[in-house]
Amino acid sequence: MKLPALPRRYHAASIWFVYAAGLAPAAWGFYLGATGQLIGNPVKIFEHLLGEWALRFLILTLMISPIRDIFGINWIRYRRALGLLAFWYVLMHFLAYMVLDKRLAMDVIFEDITKRWFITIGMAGFLALIPLALTSNRWSIRKLGPKWTRLHRLIYPIAAAGALHYCLSVKVIGPEQMIYAALVVILVGWRFARPSFLEWKRDNRAAAR
Ligand code: HEM
């Protein structure tokens with residue numbers, strides 16, 4: 001089955017749509033919080049919402065390549081938007097933690113980052129995302145050449161750090177954490193299995209000719 005291709009003239013608009021739709025959960029969460037509609041602990045709820053969407057966008061970014069390899073659907077044009085959305089969500093999650101949750105108490109934040117393992121791991125993921133976000137432009141791709149591809153492979157350990165951070169942030173690992181962790185394990189596994197799969201696909205195509 002082949003999906004109908006989106007006409008070229010809509011490509012740019014569709015990418016902007018991904019950015020707008022991707023930022024909508026943060027805007028909605030912020031609106032609910034600002035209007036007192038997040039019941040319970042609004043700061044925690046907002047912080048969690050941002051963290052979860054960060055992980056979702058990391059996973060979606062990693063899914064683009066296997067979707068193309070396995071189903072032949074080319075959504076590569078959305079990958080940069082999805083990766084940048086992941087970065088913006090991690091940044092907002094970090095700022096929500098620093099400003100709203102810890103009220104910029106730097107000593108507490110420093111202690112958290114250095115002593116609480118799940119926060120140390122989250123911080124490592126965040127720091128590693130910065131060079132990827134900074135080099136996610138055509139100029140850097142041209143300038144860095146093959147180094148760019150190597151640098152951007154960091155997205156795999158970053159997603160693994162995000163999933164681990166999520167699992168370690170809870171007392172008991174539940175189905176939600178398991179699903180995210182399993183998706184990340186499968187996608188990282190795909191990265192290693194990909195060359196053999198592509199070779200197998202090539203051989204099959206050649207045999208069919
Ligand atoms: C790749 C980067 C990161 C990802 C993908 C991520 C994702 C997440 C997710 C999914 C959660 C759980 C949300 C829920 O329970 O629904 C979470 C919780 C949390 N994260 Fe992150 N995070 C990242 C980086 C950070 C950083 C840099 C910090 C702070 C330095 C941080 C601090 C926290 C805190 C304090 C919690 C909540 C723990 C609680 O329940 O009190 N995270 N994060």
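Provided above is the structure to which this section pertains.
Let me begin by describing the structure that accompanies this report. (Residues numbered from 1 in each chain as written. Predicted model: local features only at pLDDT ≥ 70, side-chain atom pairs only at ≥ 80, totals over all residues. Heavy atoms only, no water.)

**A look at the side chain of Glu-47**
Under the convention used in this document: Runs of H or I in DSSP of at least four residues are treated as helices and runs of E of at least two as strands, each being numbered from the N terminus. Think of it in three bands: residues with accessible area under 20% of the maximum for their type are buried, residues over 50% are exposed, and the middle band is partly exposed, with areas taken using a 1.4 Å probe on protein chains only. Any two residues whose heavy atoms approach within 4.5 Å are treated as being in contact.
Position of Glu-47 relative to the elements: it lies in helix α2 (residues 42–71). Judged by its relative accessible area of 7%, Glu-47 is buried. Look past the residues within four positions of Glu-47 in its chain and what remains in contact with it is His-93, Ala-96, Tyr-97 and Asp-101.

**Re the site of the ligand**
The following threshold applies: Each residue is tested against the molecule or strand, and it is near if at least one of its non-hydrogen atoms lies within 4 Å. Gly is placed with the polar residues, together with every amino acid not listed as nonpolar (Ala, Val, Leu, Ile, Met, Phe, Trp, Tyr, Cys and Pro) or charged (Asp, Glu, Lys and Arg).
Taken together, 18 residues sit near the ligand, with Lys-44, His-48, Glu-52, His-93 and His-165 positioned nearest. For the shell around the ligand, the secondary-structure elements that each account for two or more residues are α2, α3 (79–101), α5 (117–134) and α8 (155–168). Of all the elements, α2 adds the most residues to the shell around the ligand, at six residues. Looking at the shell around the ligand residue by residue, the class counts come to nine nonpolar, six polar and three charged.

**Some thoughts on unusual backbone geometry**
At Arg-103, a position not held by glycine, the phi torsion is positive, near 45°. If you trace the backbone, Arg-103 turns up in the loop between α3 and α4 (106–115). Backbone geometry places Leu-104, a non-glycine residue, at a positive phi of 60°. For Leu-104, the location among the structural elements is in the loop between α3 and α4.

**Here's the deal with the pattern of salt bridges**
Defined as follows: We define a salt bridge as a side-chain nitrogen of Lys or Arg found within 4 Å of a carboxyl oxygen belonging to Asp or Glu.
Applying the stated criterion across every chain yields a total of six salt bridges. Put simply, Lys-44 and Glu-47 hold a salt bridge, and the shortest N to O gap is 3.9 Å. Placement of the pair is Lys-44 and Glu-47 together in helix α2, with a separation of three residues, close to one helical turn. Notably, a salt bridge pairs Glu-52 with Arg-56, separated by 2.9 Å at the nearest N-O pair. Taken together, the residues Glu-52 and Arg-56, both in helix α2 and four residues apart, mark about one turn of the helix. According to the relative accessible area criterion, Glu-52 is buried, its value standing at 18%.

**Brief notes about helix α9 (residues 175–208)**
Put simply, the rule is: Take the residue count of a helix, subtract one, and multiply by 1.5 Å to get its expected span.
Its 34 residues place the ends of α9 only 43 Å apart at the C-alpha level, less than the 50 Å of an ideal helix rising 1.5 Å per residue. Those residues of α9 that fall on the buried side of the exposure criterion are Gln-177, Tyr-180, Val-184, Leu-187 and Trp-190. Of the surrounding secondary structure, the elements contacted by the buried residues of α9 are α2 and α8.

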